Each structure stands twice: as C-alpha cells, then as structure tokens.
There are 2 protein chains.
Amino acid sequence: MYSGVINELIEQFERLPGIGHKSAERIAFYLLENMHSDEVSKMASVMVGAKEKIRLCECCQNLTDVSPCSICGSAKRDKSTICVVEGPEDVSAIENTHEYNGLYHVLHGALSPIDGIGPDDIKINELLLRLSDGDVGEVILATNPTVNGTATAVYISKLLSPFDVKVTRIAHGIPIGSDIEYADKITIIKAMESRREI
Amino acid sequence: MYSGVINELIEQFERLPGIGHKSAERIAFYLLENMHSDEVSKMASVMVGAKEKIRLCECCQNLTDVSPCSICGSAKRDKSTICVVEGPEDVSAIENTHEYNGLYHVLHGALSPIDGIGPDDIKINELLLRLSDGDVGEVILATNPTVNGTATAVYISKLLSPFDVKVTRIAHGIPIGSDIEYADKITIIKAMESRREI
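Rules used in this analysis
- Starting from 1, residues in each chain are numbered consecutively following that chain's sequence as written.
- Labels are handed out in written order, letters beginning with A for the chains and numbers beginning with 1 for the ligands.
- Thresholds applied to this predicted model are a pLDDT of at least 70 for local features of residues and 80 or more for the giving and counting of side-chain atom pairs; totals over whole chains, interfaces and linings are not thresholded and use all residues.
- Based on all heavy atoms of the structure, the side-chain values leave hydrogens and waters out of the count.
- The contact criterion used is simple: two residues touch if any of their non-hydrogen atoms lie within 4.5 Å.
- Two parts placed together each lose some accessible area under a 1.4 Å probe, and the buried area is that loss summed for both.
- What makes a salt bridge here is a side-chain nitrogen of Lys or Arg within 4 Å of a carboxyl oxygen of Asp or Glu, nothing more.
- Here a polar contact is taken to be a pair of N or O atoms separated by no more than 3.5 Å, where protein atoms must pair a possible hydrogen donor with a possible acceptor and residues adjacent in sequence count only if both atoms sit in side chains.
- Secondary structure follows DSSP: runs of H or I at least 4 residues long count as helices, runs of E at least 2 residues long count as strands, and numbering of each begins at the N terminus.
- In this classification, Asp, Glu, Lys and Arg are treated as charged, Ala, Val, Leu, Ile, Met, Phe, Trp, Tyr, Cys and Pro as nonpolar, and every other residue, Gly included, as polar.
- Residues enter a nonpolar core if they are buried and are Ala, Val, Leu, Ile, Met, Phe, Trp, Tyr or Cys, with the set joined through side-chain atoms within 4.5 Å.
- Relative accessible area decides the class of each residue, using a 1.4 Å probe on protein chains only: under 20% of the type maximum gives buried, over 50% gives exposed, and in between gives partly exposed.
- DSSP calls a pair of strands paired once it identifies at least 2 bridges connecting them.
- Under this scheme, a helix contributes an axis fitted over its contacting stretch, all axes are lines through C-alpha atoms, and angles between N-to-C directions fall in the 0 to 180 degree range.

Caption draft 1: Here's a closer look at the interface of chain A and chain B. Between chain A and chain B, the contact holds 47 residues from the first and 47 residues from the second. Summing both sides of the interface, chain A and chain B together bury roughly 4800 Å²; the carbon and sulfur share of this comes to 71%. Taken together, the links from chain A to chain B amount to four salt bridges. Residue Lys42(B) pairs with Glu8(A) through a salt bridge whose shortest N-O separation is 3.2 Å. There are 12 residue pairs in polar contact (both at pLDDT 80 or more) connecting chain A and chain B. Listing elements by their share of the side of chain A that touches chain B, those giving two or more residues are helix 1 (4-14), helix 2 (21-34), helix 3 (37-53) and helix 4 (88-95) of chain A. When residues of the side of chain A that touches chain B are assigned to their parent elements, the largest contribution, 13 residues, is made by helix 3 of chain A. Residues belonging to the side of chain A that touches chain B are distributed by class as follows: 26 nonpolar, nine polar and 12 charged.

Structural data, given as structure tokens:
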C-alpha cells in the first residue's frame, strides 16, 4: 500500500541477492527519508559507471577496469603458477592473506549439470589457452569444496593431464580455530585422509 | 583487493541499512556479473526518480508522490479518526489488514533524548495543527511498544488533553498464534493487566 513510485523502488531493491521484501522496504525508506538527493545521485552514478567500466581481464578473466588486470600485469607476480577459482570474491579472499604470489584464473561459476551449466558456460577454454605457451608449471584448483566445485576441479584436472603441468587441489580439513566436535562428518573424514606426519 | 571502481561500488552498498561488507560485495558482484547494463541504468534512474518525486503529504506527513496523499485525499476514509505511527512502514502494515478506515499521521521517528531527538525533530506540531479545526474525534497512538515509542505516546497524549478528542493507545498483549510460554515477561504482564471479561 505505497504509491507506485515507492513500490517500484522496493521492487528494484528486491532484485538484489540476499534482499527480501522487508529489507527492500527498509532500504527504500532509508533512501527516501535519510539520504540526501546528492547521495542518491552519487550512488546511482557509481552503479552505472562501474557497470560501464568493469570488464573481464583478457588473461585471468577477473573483473577489472584495466586489461590485463593489476595482478596479471604485475612484474612482481610469479607467472608460473595459476590458482583457479570460481569467482572474483575468491581472488579477494586469497589476496587478503598476502601469502600467494602467483596468478589467478576466474571461472565465473562451477560446472552444474542440474542448472545446465556445462564446460562452455564457464571460463575453462580461456584457462587451456593460457597453458598452451608452456610457461605455467603449476595449476592450483581452488574451487569450492562443494559438489559442483569438486566436480569442476576433477573435470579440469582431467583436461590438464596432456599438458606438462603440475595440477594440485587446495587442502580440505578442520578450519584453524574451530572445534573438531563441531566439524561435519565429511570434513573430519577429509581431514583424517589428508593427515601428514609431523 | 579490488580495482578502485569495484571498491567504490561496494562502499556505496555498505551505506545501506542492514548491508554489511560481505553483503555489499555480493550485491556489487551480482550487479557486475549478472545484471545487464539496461537493468543497472533502470535501477539507477528509479532511485534518482523516486528521490525527486517522493515528498511528505502536507496533511499526514506520509511519503507520497501526490499531496495530499491517496489516503488523505480519499472521500471514502473516515476523517474523524487519526492513527499516529512512527514511520511509513507502519502505515503499510496497518493498511494491509484492510480493517482500518481512518486517516494516519506519520511522526517520522519517536522521541529519544539519548539520540537528541526531541518534540521538534518529529512531526508532532503538524499533528496539533490537524486537530485545531475540531473535526477529529479520536487519535489512536500506534507508536511502537518500545521505550521511545511509549514515551512518545505518553508525551502526545498529554499535549492532546486540552483538545476535545478521545486519545487511545493500541493494545499490547500476546500476539495471535504465538505461545504464552515463549512470550517475554513484560508482554505477559501487559496482557494480564489489559485482560477483559468475555
């Protein structure tokens, strides 16, 4: 029971991920009641501007406003290692550790037959192209430890077998700082399987 | 570790209520990866357009694109009753019951000395103005049953005592469909105090 303009605003916010009807209402009223016109205009122009400027890096397929992106273009990065991830947010998470110095490859998804997402729907061919020049020594498969992420890792590892490249998978186990008693069964099984001598 | 453009986009979404850094990231990537440019432009223009068009109803102070708003301007509404609420979302919640046929008055907040919100910061004077012509027979105080909402209701009821108008407060008690065993103490006390013969 709002005027059409308010309803339209609420509907726009409801389209965003993780925003239900109540949150969309709250955001709409915040915009109308608490934000200045300038702030709203600024937000709108940042949205449109980002959408215009951001594209995929020609090399790693990460989101960037310059291509090649700052990581692929950096002389300081180890170009012999490629870490394959599902999305740009994974690149961010790994970069935040400041421990990895290689390159990335962003798949933009994972194989999911149930959703009709096959090898041509994610950036697998672009990865193979990068390996063809022979400079890469290791590909780390850092897709998520979900059904789809694991299937994607297995699929890519098979595709890479003809190449002279080491293919590794990030380790799965009990997260640091958590309790074994609260870990799920599969994680405990993986952690036991991957045990190492100390 | 994103390009400046992406960081700026994430920061904009973080400004919205209920959106933390992770959610803002998720929304930003959704916008960049899953939305078409047209959809982003549409969302941006709806935001700017709503902010331009929406103002406060000269009568009830609710958000509207026409003033007086559709409720105040309706010949079918009972103009002798005014329901006082804190925000536009309360009007929406009450309208959705389809049981109330009077008018509203939106305060845009509640008295909160701790936040420095006094009587002049919310739309109390506008309410008194509406009562001065003598057509109103009842004012229903439907502010929230919080400390601030209750204080606001008490404050307004005192201001209204010189007027020849019935002042009522919505009832508080056990919500329909819920269990007494899960109700908080204050709610149970209120429900006991407000008991009625059946």
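From this point, the narrative continues.
Caption draft 2: Seen up close, unusual backbone geometry. Here Ser67(A) and Pro68(A) are connected by a cis peptide whose omega angle stands at 0°. Looking at the secondary structure, you find Pro68(A) in the loop between strand 2 (63-64) and strand 3 (78-85). Unlike most non-glycine residues, His98(A) shows phi in positive territory, near 55°. If you trace the backbone, His98(A) turns up in the loop between helix 4 and strand 4 (102-106). Despite not being glycine, His108(B) shows a phi value in the positive range, around 60°. In this structure, His108(B) sits in the loop between strand 4 (102-106) and helix 5 (124-131).

Caption draft 3: Molecular detail of the nonpolar core. Among the nonpolar cores identified, the biggest contains 42 residues, and Leu9(A), Phe13(A), Met47(A), Leu9(B), Phe13(B) and Met47(B) are the most heavily contacted of them. Only helix 1, helix 2 and helix 3 of chain A together with helix 1 (4-14), helix 2 (21-34) and helix 3 (37-53) of chain B provide two or more residues apiece to this core. Sequence-distant contacts of Leu9(A), defined by excluding residues within four places in its chain, comprise Ala28(A), Leu31(A), Leu32(A), Val46(B), Met47(B) and Ala50(B).

Caption draft 4: The sheet that holds strand 6 (residues 166-169) of chain A, seen in detail. All names here are of chain A. Spatially, the four strands line up as an open sheet ordered 4-3-5-6, and their pairing is parallel. Here the strands that pair on one side only, and so sit at the sheet edges, are strand 4 and strand 6. For this sheet, the mean inter-axis angle between neighbouring strands, taken without regard to orientation, is 25°. As judged from the four bridges shared by strand 3 and strand 5 (residues 138-141), these two strands associate in the parallel manner. Bridging from a neighbouring strand, Cys83 pairs with Ile140 of strand 5. Sitting on the sheet, helix 4 touches strand 3 and strand 4, and the angle it makes with strand 4 is about 160°. This element, helix 6 (residues 147-160), spans strand 3, strand 5 and strand 6 of the sheet and lies at about 170° to strand 6.

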